Amino acid sequence: MEPQRSPLLEVKGNIELKRALAKAPSRLPLPGSRLKRGPDQMEEDLEPEKKRTRGLGTKVATSRPRATALTTVPQTQGQTAVPKVPRKTGPRCSAAIATVLKNQKPGPAVPAQKPGTTAAPPAVGRKKPSKRPAWDLKGQLCDLNAELKCCRERTQMLDQENQQLRNQLREAQQQATALGTERRTLEEELARMRAQAEQGQQELGNLSARVLELEERLGTQEGLVQELQKEQLELQEERRGLAAQLEEQERRLQASEAALSGSQAELASLRQEAAAQADLLFKREERLHGLEMERRRLHNQLQELKGNVRVFCRVRPVLPGESTPPPGFLLFPSGPSGPSDPPTRLSLSRSDERRGTLSGAPAAPTRHDFSFDRVFPPGSGQDEVFEEISMLVQSALDGYPVCIFAYGQTGSGKTFTMEGGPGGDPQVEGLIPRALRHLFSVAQELSGQGWTYSFVASYVEIYNETVRDLLATGTRKGHGGECEIRRAGPGSEELTVTNARYVPVSCEREVEALLHLARQNRAVARTAQNERSSRSHSVFQLQISGEHAGRGLQCAAPLSLVDLAGSERLDPGLALGPGERERLRETQAINSSLSTLGLVIMALSNKESHVPYRNSKLTYLLQNSLGGSAKMLMFVNISPLEENVSESLNSLRFASKVNQCVIGTAQANRK
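Residues numbered from 1 in each chain as written. Predicted model: local features only at pLDDT ≥ 70, side-chain atom pairs only at ≥ 80, totals over all residues. Heavy atoms only, no water.

In the nomenclature of an unreviewed UniProt entry, the protein chain corresponds to Kinesin-like protein from the organism Phocoena sinus. The heading Subunit (unreviewed entry) in the UniProt record of the protein chain holds the text "Binds NUBP1 and NUBP2. Interacts with PPP1R42." Its UniProt record gives the protein chain a comment under Function (unreviewed entry), which states: "Minus end-directed microtubule-dependent motor required for bipolar spindle formation. May contribute to movement of early endocytic vesicles. Regulates cilium formation and structure." (UniProt positions renumbered as here; feature names shortened; annotations may be inferred.)

The next point concerns the sheet that holds strand 4 (residues 366–371). A sheet is described by the order of its strands in space; here 3 strands give the open sequence 2-3-4, paired in antiparallel fashion. Looking at strand neighbours, the two that pair on one side only are strand 2 (330–331) and strand 4, the edges of this open sheet. The sheet contact formed by strand 2 and strand 3 (residues 345–350) spans 2 bridges and is antiparallel. Residue pairing across strands places Leu 331 opposite Ser 347, the latter belonging to strand 3. Sitting on the sheet, helix 11 (residues 645–659) is in contact with strand 3 and strand 4, with an inclination near 145° to strand 3. (Pairing = 2+ DSSP bridges. Helix = DSSP H or I, 4+ residues; strand = E, 2+ residues; numbered from the N terminus. Contact = heavy atoms within 4.5 Å. Axes fitted to C-alpha atoms, helices over the stretch in contact; angles between N-to-C directions.)

Moving on to unusual backbone geometry. Glycine aside, residues mostly have negative phi angles, and peptide bonds mostly take the trans form. For Glu 465, which is not glycine, the phi torsion reads 60° and is therefore positive. Mapped onto the secondary structure, Glu 465 falls in the loop between strand 7 (451–463) and strand 8 (466–469). Of note in this structure, Asn 499 is not a glycine but carries a positive phi near 65°. Mapped onto the elements, Asn 499 comes out in the loop between strand 10 (495–497) and strand 11 (503–505).

This paragraph deals with the pairing of strand 16 (residues 631–638). In terms of residue burial, strand 16 counts as a mostly covered element, since 8 of its 8 residues are buried. Along strand 16, one buried face is formed by Lys 631, Leu 633, Phe 635 and Asn 637 and the opposite face, lined by Met 632, Met 634, Val 636 and Ile 638, is buried too. Sheet topology places strand 1 (residues 309–315) next to strand 16; 7 bridges connect them, and they run parallel. Along strand 16, the bridge assignment pairs Arg 310 with Leu 633. The sheet contact formed by strand 6 (residues 402–408) and strand 16 spans 7 bridges and is parallel. Within strand 16, the position partnered with Tyr 407 by the bridge is Val 636. (Buried < 20%, exposed > 50% of the residue type's maximum accessible area, 1.4 Å probe, protein only.)

Let's shift gears to the UniProt feature "binding site: ATP" (unreviewed entry) in the protein chain. Taken from the UniProt record, the annotation "binding site: ATP" (unreviewed entry) applies to Gly 408, Gln 409, Thr 410, Gly 411, Ser 412, Gly 413, Lys 414 and Thr 415. Tracing the chain through its elements places Gly 408 in strand 6. Gly 408 sits in the buried class, given a relative accessible area of 0%. Excluding its chain neighbours within four sequence positions, the residues that come into contact with Gly 408 are Lys 414, Ala 565, Gly 566, Ser 567, Asn 637 and Ser 651. In this structure, Thr 415 sits in helix 6 (residues 414–419). For Thr 415, a relative accessible area of 29% puts it in the partly exposed group.

In this section: the pattern of salt bridges. For the structure on display, the rule yields 13 salt bridges. With its nearest N and O atoms 2.6 Å apart, the salt bridge here joins Arg 132 to Asp 143. Of this pair, Arg 132 sits in the loop between helix 3 (91–103) and helix 4 (137–306) while Asp 143 sits in helix 4, and the two are 11 residues apart along the sequence. Glu 213 is the salt-bridge partner of Arg 210, the closest N and O atoms lying 3.8 Å from each other. Of the two residues, Arg 210 and Glu 213 both sit in helix 4, 3 residues apart, roughly one turn of that helix. On the basis of relative accessible area, Arg 210 is assigned to the partly exposed category, the value being 41%. Judged by relative accessible area, Glu 213 falls into the partly exposed class, the value being 37%. A single network of salt bridges, built from pairs that share partners, joins Arg 132, Asp 136 and Asp 143. (Salt bridge = Lys/Arg side-chain N within 4 Å of Asp/Glu carboxyl O.)

With that out of the way, let us pick up helix 9 (residues 581–605). Its 25 residues give helix 9 an end-to-end C-alpha distance of 36 Å, which sits within 8% of 36 Å, the value for a rise of 1.5 Å per residue. Of the residues flanking the end of helix 9, it is Lys 607, one or two places downstream, whose phi is positive at about 55°. (Expected span 1.5 Å × (residues − 1).)

In this model, the protein chain carries a mean pLDDT of 77, and residues with pLDDT of at least 70 account for 69%. Every residue in residues 26–43 scores below 50 in pLDDT, and together they form 40 contacts with partners more than four places removed in sequence or on other chains. (pLDDT = per-residue confidence, 0-100.)

This is the structure we're talking about:
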């Protein structure tokens, strides 16, 4: 007799049969499925045939049917067709289905087929038609329609079987639900019976133990009475000894109480002394805070006396292989106090061969005198330059926006001044690594007074009025055009660059890694003045945030260190080749942004109502570092060579105009 099978097993067998039937290969999708390919892709498949007909000299008009190419699953060798099983319900039907599925041999795995490729249709009860030529589109369409009809019939049959399987599954689920309810009831009753049996056994064990315990106690009761009598005598002796010890303890307690009174008096004295020390410490902290605020005020006043807009001039030394300038070409007159004063003036002589006297002798050279806040001769080192601006850099920690420019023609030493020389020599480090080292050191000292600082660095370049991220890595390289200057939030005055990296830094090693990455990403090109000329403005910005948690004070300010691109004039008579037109566009964009920078500084100096920040990406990005609440310093770098005297004069004249500007009193960004 065949055993009774569960309805769940019967439904499971029907579902497996359904899956096996659904895996039959087809060249057409099931009804309701989406088309995989469109008319354009089918047109691409027909493109080789069009080319073939053109080669034969005939024109074949191809129509673009709206039908799509269909994805097919090829039938692999060794895969057996799933036999039809009569759709019956009951144990015998499910047993037959399980037997068929068990005897069916699994075929090899169907390999994944690339999109856009088709496999040969399987032979379903008919002879495989011969392959039609590629130009016979109508014949191929007829074959596809015939196969579509067969697939629809098979799909209809599978849908009917699927509905029957669903009905069987629903009945099996109902039976399973009823059996599950009955099983849970029986399990609950079984659990109660087991709990009652365990409780009875536990009570029986307790009673048995109690009986044994009473018997033992009864047997030992008499012995205990005798032992208690002996213990009574021993306790009496012990009581007398304890009474003597009690008297001794009372005497010691009285002595301890006297010592405690003395200790309490001493503790009160120490507390008073600690309170006095705390009060003194608080007063000293208040005095230290007041002195720090006074130092910041005097420091800012000193910087204002020096000028919120200052201009330094730096002359680079003559490099190996360059011609030595004639004597008297560049002079550095001493200050009012003599050679001991740092030089603040520069005199440059220029000879014009086109001018001459009546006697035919060449005219005397024209001398141009300039005066700046500080002039650095060619022998000045990087440490001497930074020492002059270190106090200005420290103003950024006090909450004042600080901006430092390096301006000049190509090859005048701007990048060397800002970033330093190659090789990692500490003697030739530029202003950027020295400024951050100074800020980290001062922030560490101020931490003892309750101040905590955080630093976030960004480094971008402006190339042809396009902002690029110099800190981009990996796949983000080369996508600087996606960076835009935006407000940090609604109503916020802070500006940020979208899609640019903002990297928190806390030590010199992290800053060196950022500078090395920026050097690799910056746009440079060969020009007539320099082998590797920076063709963009690089802007290194450090967002400084300070907080004094004990007093609820906060300050925030940006430190902007800008290496401007070379400022060369355009020669209108120069014939440009195809390779030089890109340099021309770069030079035009550079000169336009530098002109806008000069206009912005003049507008701020003249207190004009409109300042053209948005005329250039450079001035728009540095908007918060150029206004009345900022301190600005410009380095004008010039070449010592006589052949560059024209560009040097242009740079010195522009710097002189900036030096004459006076911007209002700076205000610290404090909360």
